[in-house]
Amino acid sequence: MAPASSSAPAFEYAPAPESRAVVDIAPSYGLFIDGEFTEAADGKVFKTVSPSTEEVLSEVAEAGEADVDRAVKAARKAFEKWSALPGAERAKYLFRIARIIQERSRELAVLETLDNGKPIRETRDADLPLVAAHFFYYAGWADKLDHAGYGANPRPLGVAGQVIPWNFPLLMLAWKIAPALATGNTVVLKPAETTPLSALFFADICRQAGLPKGVVNIITGDGRAGAALTAHPDVNKVAFTGSTAVGKQIARTVAGTRKKLTLELGGKGANIVFDDAPIDQAVEGIVNGIFFNQGQVCCAGSRLLVQESIHDELLDSLKRRLTTLRLGDPLDKNTDIGAINSAEQLARISALADQGEAEGAERWSPACELPSSGYWFAPTLFTNVTQAHTVARDEIFGPVLSVLTFRTPDEAVAKANNTPYGLSAGIWTEKGSRILAVANKLRAGVIWSNTFNKFDPTSPFGGYKESGFGREGGRHGLEAYLDV
Amino acid sequence: MSERLSVFKTYKLYVGGKFPRSESGRVYEVTTRTSAAAAAGKGKWLANAPLSSRKDARDAVVAARKAFGGWSGATAYNRGQILYRVAEMLEGRRDQYVAEVADAEGLSKSKAAAQVDAAIDRWVWYAGWTDKIAQVVGGGNPVAGPFFNLSSPEPTGVVAVLAPQESSFLGLVSVIAPVVATGNTAVVVASEKSPLPALSLGEVLATSDLPGGVVNVLSGRTAEIATPLAAHQDVNAIDLAGADETLAKELEIAAADNLKRVLRPQPVDDVDWSATPGTDRMTAFLETKTVWHPTGALGASGSSY
Amino acid sequence: MPTTAPAAQGPVNGPVHGLADVTASDSTLRRLLHGLPGVDTVGLEARAASLGTRSIKTTAKAYALDLAISMVDLTTLEGADTPGKVRALGAKAVRPDPTDRTAPATAAVCVYPDMVPTAKEAVAGSGVKVASVATAFPAGRASLAVKLADVREAVTAGADEVDMVIDRGAFLAGHYMKVYDEITAVREACGTSARLKVIFETGELSTYDNIRRASWLGMLAGADFIKTSTGKVAVNATPANTLLMLEAVRDFRAQTGVQVGVKPAGGIRTAKDAIKFLVLVNETAGEDWLDNHWFRFGASSLLNDLLMQRQKLATGRYSGPDYVTVD
């Protein structure tokens, strides 16, 4: 990797850190219920740390069942008025929120980088612009629901219980809250235990926007709070993004109820590179596919399927490219690879990578010095991987790419589909008909051809098979929050 | 002259385009369901229906999976033609179904005829949907970048369908047709007490150019057959129309193991099978696939935008 | 990756041997050039834009500014050029910042062939090279004989470098042999002393696929440098087309062992832009190209902005156009 090269490179980029001063983190935060920050009923708190330094950033309240109940009651109370508000008025609240997010985007980007560990380059250029865009997009739907294809005057469901992961904390919040509010629901949202801060800052944005009390409630806590929320009898809608294992548990919880459920779960995306691919762009797509956000992306292209005839050439290019990745301080504007989100996640990635090695796959990482504190994992490739290897089957959720080969398009499709997951896939070829034929056969909800990891609020996102069900984004994303 | 002795029909399952007996070798008695019969505790014997086992369910899933590639890959136009053909074949055997439905549901001939006519019309309705649903629920998305972005519906895969218990034919058709119209394949569990119209439907499907395995019909104890189907890892979705509240909950829990798409039963009071169905039963078993591709410019000179 | 050190190379490249069979005819050349990997426009431009977000500060910026100054081919290519203008340009190239002798000299001055003697005199003894455009610059629409005469005049007058334009018409018509033969003929006319830069006029080639093909064609024919543009059309050097050409020289060296330089020209006016190009070099071709033997900027107004930024860095205050020389 660039900073750790043995001989001093001629063009060494000096540190270019983004200023932390733009964000003011309070020493402690309460739960945001009914428009007020309050302590947990039992007074419990937990600490949130910066994954790149292990520094404690703040202490936040840990919601228990009583708090969940209080939040659901607040949302229920707010529902009547909020859902009765003319769509155009709801729209204006959402537009306000979108604007305030734009105004405060630098602050939120730095905050997100501190709490999550991802590079400022990503929070600044990807997360925050997409967050604002998502609110803008759904704001516009609020008074046009009659035209959305779900019949005249489609009704909201009621109280939405939403549980989101730590990989894109604020973006996942936007994906959940924007469509829910646009359609007239009220929400109780639980951010992930390791990344609660941006949701709490969002609570402040709701306050600045003058959003009526109780329409958005944020409860922080661990999986127990999430379980209490999804199981709460007065919740009408459950939306979850996270692991497939937890998703299945939630599906069992809501079985036999009238709760509407959408799940956005894991993946093991295949990035298929044919021998006639635009190679340089394919290399960028592979890198973006698995090292964006340290690979902690449900739709990551974690399996590289490369046509045998160009395997060596592509791998040389890929390895050369990986040596230019810059790992380190996430606040440095030149950092490409930040910290892993938590010690727990780091342990999981390490264990799976070790297993890959133990099972005989060949492990490679660029020369790379990892910072001494914080949670770090070097970008890693596994070659000589077969479908039977654990690293080809299990979602690692880290910067680890498994490289497999294929000989024919049929074989590529068969291998790509040979997984219980079905979230994303990539196709790289200059032949248009092959793109269409392969895209048609892949069992995945999002197919990127000659690109990867692109997101847009107008574009529906979601999985096949064990990657979950329901779509977020676009007109399709409204359905999850309407009684249709 | 003595009256001619009629030939009974041996009702068999319909699996993979063939008409096997149950692997269990067992049958159960099917009787008429007139209110008088119900009052007497038992109706008139109609036939013995196969009592399907979990292995029959397994075989049906294999057949449905095998048929999925071809059926989902067929053109929407072709699927529409075949569904229309089903209506044509039914029309020709209308009297048979009127009789079977009258017996099964204890209806007068005229009420049974209305059910059968509505069922035939329902096939016609869905035949017309095959090449329209993608336009209604899919489309281009105006993403903020140089990309062409298109969302299209695709069939979920193998769908286990628990047919409604009461409406033995119109209800049955109303749950099968939307599933297969969009390219899914189905394993259907017929109404437990009134399976005969469903088993006979297999005969029509088999002569309508519908590829074997696209629809598979099992008869027997709903709970017994549905339980392995709900837990089956190669079933992608389940329609619980024919399950009661307790069974529906159990099945939904089992379905979570591989995250099947679950269509919960409507409260029995709300079901009006004669109403125009809308698209819900199709969209319940459709996935949305979104494909991105760069558009770029005609040239690198920057002047071609 | 072969580690061909720049020093191990001769002063100039020649046609690349061992690939004789591919340079046999239009069709064999087409097969080679059209067999190169395609270029996805959106992906290429996104990569170039992404590298453009690198933040180059303090010591890195000081290094980059001096490197960029040392890579400038300080250019005047106007009908109104006079010996006086060229002499002033030469003086500026040798000592870009009269107030600060630590500012490096530029790589070369770039003039029309008839101005080469004047330019030689102006930079004599400084190490600054004299480059001359030739081959009926900028249109390239003349007979080969005229083009070669143009080249010989420049070389005879002492040009260290010749910047030729290819026949874009022939290239777009698929007459790759014609383009190839013309480059090899010019290469020969340059002799062993002058390095040859081959200008594609990428704005006229229109597609990135064409730019990659032209790059390989030029390198196969013996180019020492591949250069984007004449500076005379609407679209000249861009981060994307330069990135693409950097990929081409990188891949060409990997395949043949021969290192070729890259020169974006036209449209690079600010230090900020120049530094973005250096980032492209650093992260694409690598540090072997971070030297004015292998990378140049064809520019005129860029130099003063580099100098102003250099002054800002030294003094901490923003400079102004009155504090750099206008030549």
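For the structure itself, consult the block above.
Predicted model only: the values in this text are computed from it and were never measured.

### Considerations on the overall build of chain A
Scanning chain A from N- to C-terminus turns up 14 helices and 18 strands. Here the C-alpha atoms of chain A give a radius of gyration of 22 Å, agreeing with the 23 Å that 2.2 N^0.38 yields for 484 residues. With the C-alpha coordinates aligned to their principal axes, the bounding extent of chain A is approximately 65 × 45 × 35 Å. Expressed as a percentage of the 484 residues in chain A, the buried residues total 67%. Taking all contacts inside chain A whose residues are at least 6 apart in sequence as the whole, residues at least 24 apart take part in 76%. In the form shown here, chain A has an accessible surface area of approximately 15900 Å², with 51% of it arising from carbon and sulfur atoms. Each charge class in chain A was averaged separately, 50 positive and 57 negative side chains, and the resulting centres sit 6 Å apart.

### What about the pairing of strand S1 (residues 72-75) of chain C?
Residue and element names in this part refer to chain C. Of the two faces of S1, the one carrying Val72 and Leu74 and the one carrying Asp73 and Thr75 are both buried. Bridge count for S1 against strand S8 (residues 297-299) is three bridges, and the pairing is parallel. For leucine 74, the partnering residue across the bridge sits in S8 and is alanine 299. Following the backbone out of S1, through helix H4 (residues 83-94) and into the adjacent parallel strand S2 (residues 108-111), one traces a crossover that is right-handed.

### A few points about the pairing of strand S7 (residues 215-218) of chain B
Across the two faces of S7(B) the burial is the same, with B:Val215 and B:Val217 and B:Asn216 and B:Leu218 all buried. Handedness of the β-α-β unit built from strand S6 (residues 185-189) of chain B, helix H8 (residues 196-205) of chain B and S7(B) comes out right-handed.

### Regarding the packing of helix H3 (residues 76-92) of chain B against helix H5 (residues 109-129) of chain B
All names here are of chain B. Two elements in contact, H3 and H5, have axes whose closest approach is 8 Å; the angle formed by their N-to-C orientations is 165 degrees. Compared by their axis directions, H3 and H5 come out roughly antiparallel. Between H3 and H5 lies a crossing whose hand is left-handed. Packed against H3, whose contacting residues are Gly80, Leu83, Tyr84, Val86, Ala87, Leu90 and Glu91, the element H5 presents Ile120, Trp123, Val124, Tyr126 and Ala127 at the interface. Each residue belonging to the contact of H3 with H5 can be placed in one class, and the counts come to ten nonpolar, one polar and one charged.

### Details of the interface of chain A and chain B
Listed per partner, the contact involves 43 residues of chain A and 35 residues of chain B. For the chain A and chain B pair, buried surface summed over both sides reaches about 3000 Å², with 50% attributable to carbon and sulfur atoms. Three residues stand out in chain A for area buried against chain B, namely A:Arg252, A:Arg443 and A:Tyr464, and they jointly supply 16% of the buried area on that side. At the boundary of chain A and chain B, one finds three salt bridges. Its salt-bridge partner being A:Arg443, residue B:Glu154 comes within 3.9 Å of it at the nearest N-O pair. At the boundary of chain A with chain B, the tally comes to 26 residue pairs in polar contact (both at pLDDT 80 or more). Elements that contribute at least two residues to the side of chain A that touches chain B include exactly helix H8 (244-254), strand S10 (260-264), helix H14 (432-441), strand S17 (446-449) and strand S18 (468-469) of chain A. Looking at which element gives the most residues to the side of chain A that touches chain B, the answer is H8(A), with six residues. Class assignment of the residues belonging to the side of chain A that touches chain B gives a composition of 16 nonpolar, 14 polar and 13 charged.

### Let's talk about the interface of chain A and chain C
The interface is formed by 26 residues belonging to chain A together with 29 residues belonging to chain C. Taking both sides of the interface into account, the surface hidden between chain A and chain C amounts to around 2300 Å²; carbon and sulfur atoms contribute 48%. Where A:Asp280 meets C:Arg212, a salt bridge forms, and the shortest distance between an N and an O atom there is 2.4 Å. Across the contact surface, chain A and chain C share ten residue pairs in polar contact (both at pLDDT 80 or more). Elements represented by at least two residues in the side of chain A that touches chain C include exactly helix H4 (120-141), helix H9 (279-291) and helix H10 (311-322) of chain A. It is H9(A) that provides the largest number of residues to the side of chain A that touches chain C, a total of four residues.

### Let's talk about helix H3 (residues 105-116) of chain A
Residues and elements named next belong to chain A. Look at H3: 16 Å from first C-alpha to last across twelve residues, which is about the 16 Å you get at 1.5 Å a residue. By the criterion of burial, H3 is predominantly enclosed, with ten of the twelve residues buried. In this structure, the buried side of H3 is in contact with strand S4 (45-49), strand S5 (56-61), helix H2 (87-103), H4, helix H5 (169-182) and helix H6 (197-209). Directly after H3, the chain includes glycine 117, whose backbone phi takes a positive value near 100 degrees.

### Quick notes on unusual backbone geometry
Geometrically, the link from C:Phe137 to C:Pro138 is a cis peptide bond, its omega value of -5 degrees lying close to zero. If you trace the backbone, C:Pro138 turns up in the loop between strand S3 (129-134) and helix H6 (144-156). A positive phi is found at A:Lys465, a non-glycine position, where the angle reads about 50 degrees. With a relative accessible area of 23%, A:Lys465 lands in the partly exposed category. Despite not being glycine, B:Asp209 has its phi angle at roughly 70 degrees, a positive value. Assignment of secondary structure puts B:Asp209 in the loop between H8 and S7. Using a relative accessible area of 57% as the deciding quantity, one classes B:Asp209 as exposed.

### Here's the deal with the sheet that holds strand S1 (residues 28-29) of chain A
All names here are of chain A. The three strands are arranged S1-S5-S4 in an open sheet whose pairing can be described as mixed. The strands lining the two open edges of the sheet, one partner per strand, are S1 and S4. Relative to S5, S4 is paired through five bridges, and the arrangement is antiparallel. Opposite lysine 47, over in S5, you have glutamate 59 as the bridge partner.

### Observations concerning the nonpolar core
All names here are of chain A. Formed by 113 residues in total, the largest nonpolar core has its most connected members in Ile101, Phe135, Leu173, Phe202 and Val216. Ranked by residues supplied to this core, first place goes to H5 with eleven residues. When residues of this core are assigned to domains, at least three fall in each of domain 1 (20-265 + 464-481) and domain 2 (270-449). Ignoring any residue separated from it by four or fewer positions in sequence, one finds leucine 173 in contact with Phe135, Ile164, Ala178, Leu189, Ala199, Phe202 and Ile218.

### Thoughts on H14(A)
When we look at burial in H14(A), the residues that qualify are A:Arg434, A:Ile435, A:Val438 and A:Ala439. Buried positions in H14(A), seen along its axis, are confined to an arc of 125 degrees and lie on one side of it. Facing away from the buried side of H14(A), by more than 90 degrees, are the exposed residues A:Leu436, A:Asn440 and A:Lys441. Buried positions along H14(A) lie against strand S11 (270-273), helix H13 (409-417), strand S16 (424-428) and S17 of chain A together with strand S10 (286-294) of chain B.

### Thoughts on the state of the cysteines
Residue and element names in this part refer to chain C. By the definition in use, this model includes zero disulfides over all chains. Summary of cysteine pairing: cysteine 110 is not part of a disulfide, and the nearest cysteine sulfur, belonging to cysteine 190, is at 13 Å. A residue is classified by how much of its surface remains accessible, and cysteine 110, at 0% relative accessible area, is buried.

### Regarding the packing of aromatic side chains
Under the definition given, this model contains 27 aromatic pairs over all chains. Pairwise contacts between aromatic rings join A:Trp175, A:Trp448, A:Phe452, A:Phe455 and A:Phe461 into one cluster. When the ring centre of B:Tyr28 is taken as origin, the NZ or CZ atom of B:Arg221, which lies over that ring, is 4.6 Å away. Cation over ring: C:Lys312 sits above C:Tyr318, and NZ or CZ is 5.1 Å from the ring centre.

### Some thoughts on the sheet that holds S1(C)
Residue and element names in this part refer to chain C. Ordered by their spatial adjacency, eight strands build an open sheet running S7-S6-S5-S4-S3-S2-S1-S8, and the pairing between neighbours is parallel. Of all the strands in the sheet, the pair left with one neighbour each is strand S7 (261-263) and S8. Taking each pair of neighbouring strands and ignoring which way they run, the sheet shows an average axis angle of 25 degrees. In this sheet, strand S6 (residues 225-227) lies alongside strand S5 (residues 195-199) in parallel orientation, the contact comprising three bridges. Along S6, the bridge assignment pairs isoleucine 199 with lysine 227. This element, helix H8 (residues 176-190), spans strand S4 (161-165) and S5 of the sheet and lies at about 150 degrees to S5.

Parameters and conventions
Residues numbered from 1 in each chain as written. Chains lettered and ligands numbered in written order. Predicted model: local features only at pLDDT ≥ 70, side-chain atom pairs only at ≥ 80, totals over all residues. Heavy atoms only, no water. Helix = DSSP H or I, 4+ residues; strand = E, 2+ residues; numbered from the N terminus. Rg over C-alpha atoms; globule rule 2.2 N^0.38 Å. Buried < 20%, exposed > 50% of the residue type's maximum accessible area, 1.4 Å probe, protein only. Contact = heavy atoms within 4.5 Å. Areas by Shrake-Rupley, 256 points an atom, 1.4 Å probe, with all protein chains shown as cover. Lys, Arg positive; Asp, Glu negative; His and termini not counted. Charge placed at Lys NZ, Arg CZ, Asp CG, Glu CD. Pairing = 2+ DSSP bridges. Right-handed = clockwise from strand over helix to strand, strands pointing away. Axes fitted to C-alpha atoms, helices over the stretch in contact; angles between N-to-C directions. Parallel < 35°, antiparallel > 145°, perpendicular 65-115°, else oblique. Left-handed = near helix turned anticlockwise from the far one by under 90°. Nonpolar A, V, L, I, M, F, W, Y, C, P; charged D, E, K, R; others polar. Buried area = accessible area lost by both parts, 1.4 Å probe. Salt bridge = Lys/Arg side-chain N within 4 Å of Asp/Glu carboxyl O. Polar contact = N/O pair within 3.5 Å; in protein donor to acceptor, adjacent residues only side chain to side chain. Expected span 1.5 Å × (residues − 1). Core = buried A, V, L, I, M, F, W, Y, C linked by side-chain atoms within 4.5 Å. Domains from an automatic or database assignment. Arc of directions from axis to C-beta. Disulfide = S-S within 2.5 Å. Phe/Tyr/Trp six-rings, centres within 6.5 Å; stacked < 30°, edge-to-face > 60°. Lys NZ or Arg CZ within 6 Å of the ring centre and 35° of its normal.

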